[in-house]
Amino acid sequence: MEALFSSTTLQLKPSFSSLHSPFSSCSSILRLKGGKKVENCIQRSQFSTVLPLRVSASSQAATTETSTNTSVPSEMKSWSYTDYGSVDVLKFESNVSVPDIKEDQVLIKVVAAALNPVDFKRRLGKFKATDSPLPTVPGYDVAGVVVKVGSQVKGLKEGDEVYGDIHEKALDGPKQFGSLAEYTAVEEKLVALKPKNLSFAEAAALPLAIETAYEGLEKAGFSAGKSILVLGGAGGVGSLVIQLAKHVFGASKVAATSSTGKLNLLKSLGADLVIDYTKENFEDLPDKFDVVYDSVGQGEKAVKAVKEGGSVVVLTGAVTPPGFRFVVTSNGEMLKKLNPYLESGKVKPVIDPRGPFPFDKVVEAFSYIETGRATGKVVIHPIP
């Protein structure tokens, strides 16, 4: 695919046309009682075409047009599931209670959200031992507008445009109430002001992936002058590891793997060496690397490509020493630190060309990300 840059975002030109946070009072309608679903508060309906927030993005800046009516409704639209399973468990609900906020939280009118592999793995029940109780409104990444602030919130106010990963711990007691809804509640410390040059859709593509990329590089001891090999360089995390290693950490050499059609993308992101994994075995390269960042689950091969004394970051799959695994801790301060690189255009979000997916196509978006073939991030926008 041909990679096209705007001044703010990396978009791919498609070749086709196309901690627990409980629900508030009405949320109990999503629970099963005596084997039957209580329906007295929820009625299925068609999606409204009236958008309280309209977002328009240019190559220079994103602007927001907000309704003069700033009152927060008592009910909202959202996606949810009451049982673990395939995409078939996802249901659209039209009358779910807007969540209450705690003293340290803000209420965000969601404009855009994004999916990550953890979203479908959580829905499949892979983390049920540490998950919050069902029902669940999925979604980690959010970009939107603050419409209400808790009494202890000091740095944000109503009207602020923000973005972030709303779950501090991805797997350990994530909130019941995620970002695939019209409103979501989140601690002030987990979000940051949205980069001024990015649209909401662009900003939503970043939080969990860029925090994972950055924290992994830090934990690997990566620094200026070191070399790195990124496995899965065209993915949501991998595409940001390339950029951060090159433009933030000062890597001496960045190599990355992808399929044939995405090699030009890797080069445009800053990779010095691109490797077509369908034709070459990266582990057989004569040159070895100070760090190997494995985002695709090839731990046994990854350790063959690292220098003695080097580090291997493993996000998924088996871990072979000296590889190590970590689970990111969401941190708004990290986003604030990276905002200058985003606003300067040195680091850009990568959005899959099939998206953004509209709010009524969330099931299709989940099905697509589960193929493992998405480029960059799968974004949901607009959210009515």
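Refer to the structure above for everything that follows.
Rules behind the numbers
- Along each chain, residues carry numbers from 1 onward, in the same order as the chain's sequence is written.
- Under the rules for a predicted model, residues below a pLDDT of 70 receive no local features and side-chain atom pairs below 80 are neither given nor counted, while totals for whole chains, interfaces and linings still include all residues.
- Where side-chain values are given, they derive from all heavy atoms of the structure, hydrogens and water being excluded.
- Each Phe, Tyr or Trp ring, with Trp reduced to its six-membered ring, pairs with another whose centre is within 6.5 Å; inter-plane angles below 30 degrees give stacked pairs, above 60 give edge-to-face pairs, and intermediate values give tilted ones.
- Elements are defined by DSSP. Helices are runs of H or I of four residues or more, strands are runs of E of two residues or more, and each kind is numbered from the N terminus.
- Think of it in three bands: with a 1.4 Å probe and only protein chains considered, a residue is buried below 20% of the maximum accessible area for its type, exposed above 50%, and partly exposed in between.
- Residue contacts follow a heavy-atom distance rule, with two residues in contact if any of their heavy atoms lie within 4.5 Å.
- Salt-bridge detection follows one rule: a side-chain nitrogen of Lys or Arg within 4 Å of a carboxyl oxygen of Asp or Glu.
- Any two strands with at least two DSSP bridges between them are considered paired.
- In this analysis, axes come from line fits to C-alpha atoms, helices being fitted only over the stretch in contact, and the angle between any two N-to-C directions falls in the range 0 to 180 degrees.
- Buriedness for pockets is judged along seven lines, at least five of which must meet protein on both sides within 12 Å for an open set on the 1 Å grid over protein atoms alone, while cavities are sets there where a 1.4 Å probe fits but cannot get out, and lining residues have an atom within 4 Å of a point.
- Grid points are joined across faces, edges and corners, and a volume is the space filled by probe spheres set on the points.
- Any residue outside Ala, Val, Leu, Ile, Met, Phe, Trp, Tyr, Cys, Pro, Asp, Glu, Lys and Arg is labelled polar, Gly included; the first ten of those are nonpolar and the last four are charged.
- This arc describes the spread of directions from the helix axis toward the C-beta atoms.

Before going further, it helps to spend a moment on the packing of aromatic side chains. A full pass over the atoms with the stated rule returns seven aromatic pairs. With centroids separated by 6.4 Å and ring planes inclined at 85°, the aromatic side chains of phenylalanine 92 and phenylalanine 359 adopt a geometry described as edge-to-face. With phenylalanine 92 in strand E8 (residues 91–97) and phenylalanine 359 in the loop between strand E20 (350–351) and helix H8 (362–369), this pair connects stretches of sequence that are 267 residues apart. Look at phenylalanine 92 and you get buried, because its relative accessible area is 9%. Assessed through its relative accessible area of 2%, phenylalanine 359 is described here as buried. Ring centres 5.3 Å apart and planes at 50° place the aromatic pair tyrosine 214 and phenylalanine 249 in the tilted group. One end of the pair, tyrosine 214, is in helix H3 (residues 207–219); the other, phenylalanine 249, is in the loop between helix H4 (236–247) and strand E15 (253–258), with 35 residues separating them in the sequence. The two residues tyrosine 214 and phenylalanine 249 agree in class, both being buried.

Along the chain, the position of glutamine 298 falls in the loop between strand E17 (289–294) and helix H6 (299–302). Judged by relative accessible area, glutamine 298 falls into the partly exposed class, the value being 30%. Along the backbone, glutamine 298 and threonine 320 are 22 residues apart, and their C-alpha atoms lie at a distance of 9.6 Å. Setting aside residues no more than four positions away along its own chain, glutamine 298 makes contact with Leu231 and Phe282.

Counted by the stated rule, this structure contains 13 salt bridges. With a closest N to O distance of 3.0 Å, arginine 122 and aspartate 131 form a salt bridge. Neither residue differs from the other here; arginine 122 and aspartate 131 are each classed as buried. Here aspartate 160 makes a salt bridge to lysine 157, at a shortest N to O gap of 2.9 Å.

Once that is clear, we can look at the sheet that holds strand E18 (residues 306–314). Reading across the sheet, the six strands line up as E16-E15-E14-E17-E18-E19 and stay open at both edges, with parallel pairing between neighbours. At either margin of the open sheet sits one strand with a lone partner, and together these are strand E16 (273–276) and strand E19 (323–325). Adjacent strand axes in the sheet meet at a mean angle of 20° when their direction is disregarded. Where strand E14 (residues 227–231) and E15 come together, four bridges link them in parallel fashion. Residue isoleucine 228 lies in a different strand from E15, and its bridge partner there is valine 254. Across the sheet, H3 touches E14, E17, E18 and E19, and the angle it forms with E17 is around 145°. Contacts from H4 reach E14, E15 and E17, with the element oriented near 170° to E14.

Looking now at the layout of surface pockets. One number sums up the size of the largest pocket: a volume of about 1300 Å³. Lining the largest pocket we find 42 residues, and of these Pro117, Lys121, Ser295, Val296 and Thr316 sit closest to its centre. Mapped onto the lining of the largest pocket, the elements with two or more residues apiece are helix H1 (117–123), H3, H4 and E15. The element that contributes the greatest number of residues to the lining of the largest pocket is H1, accounting for four residues. Per-class residue counts for the lining of the largest pocket are 21 nonpolar, 15 polar and six charged.

Looking at the element boundaries, leucine 338 is found in helix H7 (residues 332–343). Owing to a relative accessible area of 2%, leucine 338 belongs among the buried residues under this scheme. Sequence separation of leucine 338 and proline 195 is 143 residues, and the distance between their C-alpha atoms is 9.5 Å. Sequence-distant contacts of leucine 338, that is, excluding residues within four places in its chain, are made with Ile210, Tyr214 and Leu244.

Take H8 next. Taken residue by residue, H8 has Val362, Ala365, Phe366, Tyr368 and Ile369 as its buried positions. With its buried residues spanning 165° around the axis, H8 presents them on a single face. Structurally, H8 contributes buried residues whose contacts are with strand E7 (75–80), strand E9 (105–115), H1 and strand E21 (378–380).

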